[in-house]
Amino acid sequence: MNQSYEFMSGGQGRQQRDHNISMKGRKTLEITGVKQVESFDNEEFLLETEMGFLSIRGQHLQMKNLDVDEGNVSIQGRVDDLVYLDQNNSDKSKGFFGKLFK
């Protein structure tokens, strides 16, 4: 889980994109508005999106498409959980990774 991809275009400031998620039968996810892929393996993806950090958990997860220019990611496998990691909740003392690894 040491791979990171940042979605920037052409050296200039990045424009905000629409963030959408489309799921087909718990097996295929199409996600737009992805700023960065923080980490991933066959059980969990952590993406930074226009709407905050998104954790996707499941089994046999694979990245099928990665479009760096457009900020699009496609994931296949069995999706068990989609969670936005809200940075504004009352448990600020733990920090981002403290909330992620409860």
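See above for the structure.
Read on for a plain summary of the structure. Counting of residues starts from 1 at the beginning of each chain's written sequence and follows it residue by residue. This being a predicted model, a pLDDT of at least 70 is required before a residue's local features are given, and a value of 80 or more before pairs of side-chain atoms are given or counted; all residues contribute to the totals for chains, interfaces and linings. Calculation of side-chain values draws on the structure's entire complement of heavy atoms; hydrogens and water are dropped beforehand.

## Points about unusual backbone geometry
Reasoning step 1: In the Ramachandran plot, R26 falls in the positive-phi region, its phi being about 60° despite a non-glycine side chain.
Reasoning step 2: By definition, any uninterrupted DSSP run of H or I lasting at least four residues is a helix, any uninterrupted run of E lasting at least two residues is a strand, and each is numbered from the N terminus. As for its placement among the helices and strands, R26 is situated in the loop between β2 (20-24) and β3 (28-32).
Reasoning step 3: R26 gets classed as partly exposed once you look at its relative accessible area, which sits at 40%. Accessible area is worked out with a 1.4 Å probe on protein chains only. A residue is then buried under 20% of its type maximum, exposed over 50%, and partly exposed in between.

## Regarding the pairing of strand β7 (residues 72-85)
Consecutive residues of a regular strand have side chains that alternate between opposite faces of the sheet.
Reasoning step 1: At least two bridges found by DSSP between two strands is the condition for calling them paired. Sheet analysis places β3 next to β7, joined by 4 bridges and oriented antiparallel. Bridge pairing in β7 links T28 to Q76.
Reasoning step 2: Where strand β6 (residues 52-67) and β7 come together, 12 bridges link them in antiparallel fashion. Counterpart to R57 in the pairing with β7 is D81.

## Let's talk about the packing of aromatic side chains
Reasoning step 1: Put simply, two rings from Phe, Tyr or Trp (the six-membered ring, in Trp's case) pair if the centres are within 6.5 Å, and we call them stacked under 30 degrees between planes, edge-to-face over 60, tilted for the rest. For the structure on display, the rule yields 1 aromatic pair.
Reasoning step 2: Ring geometry for F40 versus F45: centroids 5.3 Å apart, planes at 20°, classification stacked.

## Points about the environment of G25
Reasoning step 1: Note that G25 resides in the loop between β2 and β3.
Reasoning step 2: Using a relative accessible area of 63% as the deciding quantity, one classes G25 as exposed.
Reasoning step 3: In this structure, the C-alpha to C-alpha distance between G25 and R78, residues 53 residues apart in sequence, is 9.0 Å.

## Notes on the nonpolar core
Reasoning step 1: Only buried residues count toward a nonpolar core, which is a set of Ala, Val, Leu, Ile, Met, Phe, Trp, Tyr and Cys residues joined through side-chain atoms within 4.5 Å. Membership of the largest hydrophobic core is limited to 12 residues, which are L29, I31, V34, V37, F45, L47, L54, I56, L61, V73, I75 and V79.
Reasoning step 2: Counting residues per element, the ones that place at least two in this core are β3, β4 (34-40), β5 (44-49), β6 and β7.

## Re a nonpolar patch on the surface
Reasoning step 1: A contiguous nonpolar patch, built from I21, M23, M51, L82 and Y84 and spanning about 450 Å² of accessible area, is present on the exposed surface.
Reasoning step 2: Put simply, the parts of the chain that give the nonpolar patch at least two residues each are β2 and β7.
Reasoning step 3: With respect to the helices and strands, L82 occurs in strand β7. Patch definition: residues above 30% relative accessible area lacking any salt bridge, with like charges linked at up to 9 Å and the nonpolar side chains Val, Leu, Ile, Met, Phe, Trp and Tyr linked at up to 5 Å. Accessible areas in this description were obtained via Shrake-Rupley with a 1.4 Å probe; residue shielding takes into account the shown protein chains only. Think of a salt bridge as a Lys or Arg side-chain nitrogen and an Asp or Glu carboxyl oxygen that are within 4 Å of each other.

## Regarding the environment of L66
Reasoning step 1: On the secondary structure map, L66 appears in strand β6.
Reasoning step 2: Along the primary structure L66 and V34 are separated by 32 residues, whereas in three dimensions their C-alpha atoms are 9.9 Å apart.

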